[in-house]
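Overview (structure and organization)
Next come the chains, spelled out residue by residue.
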Amino acid sequence: SDKNSQLLEQLNTTESQMAAAQRDAAALRDSEARLKLEIDAVEAERLRLENNLTDMQKLKADNQKLVRSEVTRLTQTVLATSDKNSQLLEQLTTAEGQMDAAQRDAA
């Protein structure tokens, strides 16, 4: 009877330990599942940020190309306008000279 009580107590202790181990294992599995979800979320965010970075780098390159093209166009316009102004100034100077000469001839 004393032996039976000891065996029963050992059995209860062992069962309690097994139940605790099963709870710990279940908690560990839950924790692992949560961590896996967090890892998946971090990985998805990393991919999203990498894609955003790639998009931003492409936009930056496109904008730089557009700015270079616009600067070239505007430079050409300024040079052409400057040339035209020089021609007009030359024509005006010539016309003024001809008018002065005509006035002297008329006088």
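All of the points below concern the structure found in this document. Model, not experiment: these values are computed from the prediction. (Residues numbered from 1 in each chain as written. Predicted model: local features only at pLDDT ≥ 70, side-chain atom pairs only at ≥ 80, totals over all residues. Heavy atoms only, no water.)

**Remarks on the overall build of the protein chain**
- Regarding its fold elements, the protein chain presents one helix and zero strands.
- Here the protein chain has a C-alpha radius of gyration of 45 Å; the compact-globule value for 107 residues is 13 Å, and the former is much larger.
- Counting only C-alpha atoms and orienting by the principal axes, one finds that the protein chain spans roughly 155 × 15 × 10 Å.
- Here the protein chain holds 107 residues, and the buried ones make up 0% of them. (Helix = DSSP H or I, 4+ residues; strand = E, 2+ residues; numbered from the N terminus. Rg over C-alpha atoms; globule rule 2.2 N^0.38 Å. Buried < 20%, exposed > 50% of the residue type's maximum accessible area, 1.4 Å probe, protein only.)

**Re the pattern of salt bridges**
- Within the structure shown, the criterion is met by six salt bridges.
- The shortest N-O distance in the salt bridge between K58 and D62 comes to 3.0 Å. One end of the pair is K58 and the other is D62, both in helix α1 (residues 2-106) and four residues apart, which spans about a single turn.
- Residue classification places D62 among the partly exposed residues on the basis of a relative accessible area of 37%. (Salt bridge = Lys/Arg side-chain N within 4 Å of Asp/Glu carboxyl O.)

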